[in-house]
Amino acid sequence: MSPKPFSLDSVLRFRKRQEDLAQEQFIRKRLAADKATENLITAESTLKKLIHSLEEKQIHGITIDELSRYEERIQFEQAQTKELQKKLKQKQKAAQQKRQNLLEKRKEHKTLTTLKAQQNKSWKEYVDKKEAAMLDEIAILHHDRTLN
């Protein structure tokens with residue numbers, strides 16, 4: 001019985017496609033998380049500018065209507081910031097899950113590649129042994145013919 005009953009090429013191609021797909025998904029999720037981070041930074045910056053502007057207006061004098069609008073706007077920006085922080089955490093969690101999936105797919109592909117290399121080595125040793133046995137048999141037959 002031969003040590004190489006089947007080829008792993010099709011399985012390796014399939015696993016490589018899975019790995020590539022996992023990498024693409026991870027990159028997409030990572031970019032989404034980066035975009036969410038940028039949005040959060042922008043919202044926080046807007047909130048800080050708004051608060052700073054309100055402080056300046058209060059120093060110079062501000063009407064009650066303006067103060068009310070500023071307070072409403074600040075509350076809205078704070079709510080937006082909290083929502084963006086929540087979205088960022090979700091996107092980072094999704095990116096981390098895709099990263100774990102990618103690492104798992106890479107590990108599977110590497111394991112199968114190693115298995116294929118071992119299988120090819122075993123097959124070569126098997127073929128070399130068969131070839132040596134055949135050459136020995138030919139040498140014995142040739143030696144018997146020369147003696148007779």
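Fair warning: this is a prediction, and the values are worked out from it, not measured in the lab.

Calculation criteria
- Residues numbered from 1 in each chain as written.
- Predicted model: local features only at pLDDT ≥ 70, side-chain atom pairs only at ≥ 80, totals over all residues.
- Heavy atoms only, no water.
- Helix = DSSP H or I, 4+ residues; strand = E, 2+ residues; numbered from the N terminus.
- Contact = heavy atoms within 4.5 Å.
- Salt bridge = Lys/Arg side-chain N within 4 Å of Asp/Glu carboxyl O.
- Buried < 20%, exposed > 50% of the residue type's maximum accessible area, 1.4 Å probe, protein only.
- Axes fitted to C-alpha atoms, helices over the stretch in contact; angles between N-to-C directions.
- Parallel < 35°, antiparallel > 145°, perpendicular 65-115°, else oblique.
- Left-handed = near helix turned anticlockwise from the far one by under 90°.
- Nonpolar A, V, L, I, M, F, W, Y, C, P; charged D, E, K, R; others polar.
- Expected span 1.5 Å × (residues − 1).

**Q** Whenever I open this one, the side chain of Thr81 confuses me. Can you help?
**A** Counting through the fold element by element, Thr81 comes out in helix H2 (residues 64–147). When residues no more than four places from it in sequence are discounted, the contact partners of Thr81 are Leu40, Ala43, Glu44 and Leu47.

**Q** When you look at the pattern of salt bridges in this model, what are you seeing that I'm missing?
**A** Opposite charge on two side chains makes pairing possible when the charged atoms of those side chains draw close. Overall, the coordinates contain ten salt bridges when judged by the stated rule. A salt bridge links Lys16 to Asp20, with the shortest nitrogen-to-oxygen separation between them at 3.8 Å. Here the residue Lys16 and the residue Asp20 both occupy positions in helix H1 (residues 9–60), the gap between them amounting to four residues, near one helical turn. Residue class for Lys16 comes out partly exposed when judged on its relative accessible area of 35%. Salt bridges linked by common partners bring Lys16, Glu19, Asp20 and Arg106 together as one network.

**Q** What exactly am I supposed to notice about the environment of Lys130 here?
**A** Note on placement: Lys130 falls in helix H2. Lys130 sits in the partly exposed class, given a relative accessible area of 49%. Taking the C-alpha atoms as reference points, Lys130 and Lys35, separated by 95 residues in sequence, lie 61 Å from one another.

**Q** How should the packing of H1 against H2 be read in this particular structure?
**A** Remark: H1 packs on H2, axes separated minimally by 7 Å, with the N-to-C direction vectors making an angle of 160°. Considering the angle they form, H1 stands roughly antiparallel to H2. Crossing angle aside, the handedness with which H1 passes H2 is left-handed. In terms of residue class, the contact of H1 with H2 is built from 22 nonpolar, 15 polar and 19 charged.

**Q** Even after reading the chapter, I still don't get H1, so can you show me in this structure?
**A** In an α-helix, one full turn covers 3.6 residues, which means residues spaced three or four apart are oriented alike. Along its 52 residues, H1 runs 76 Å from first to last C-alpha, staying within 8% of the 76 Å computed at 1.5 Å per residue. The complete set of buried residues in H1 reads Leu12, Glu19, Ala22, Phe26, Ala33, Ala36, Leu40, Ala43, Leu47, Leu50 and Leu54. The inward-facing, buried residues of H1 contact H2. Count one or two residues on from H1 and you reach Gly61, which has phi positive near 110°.

Honestly, it's all geometry; don't read function into it.
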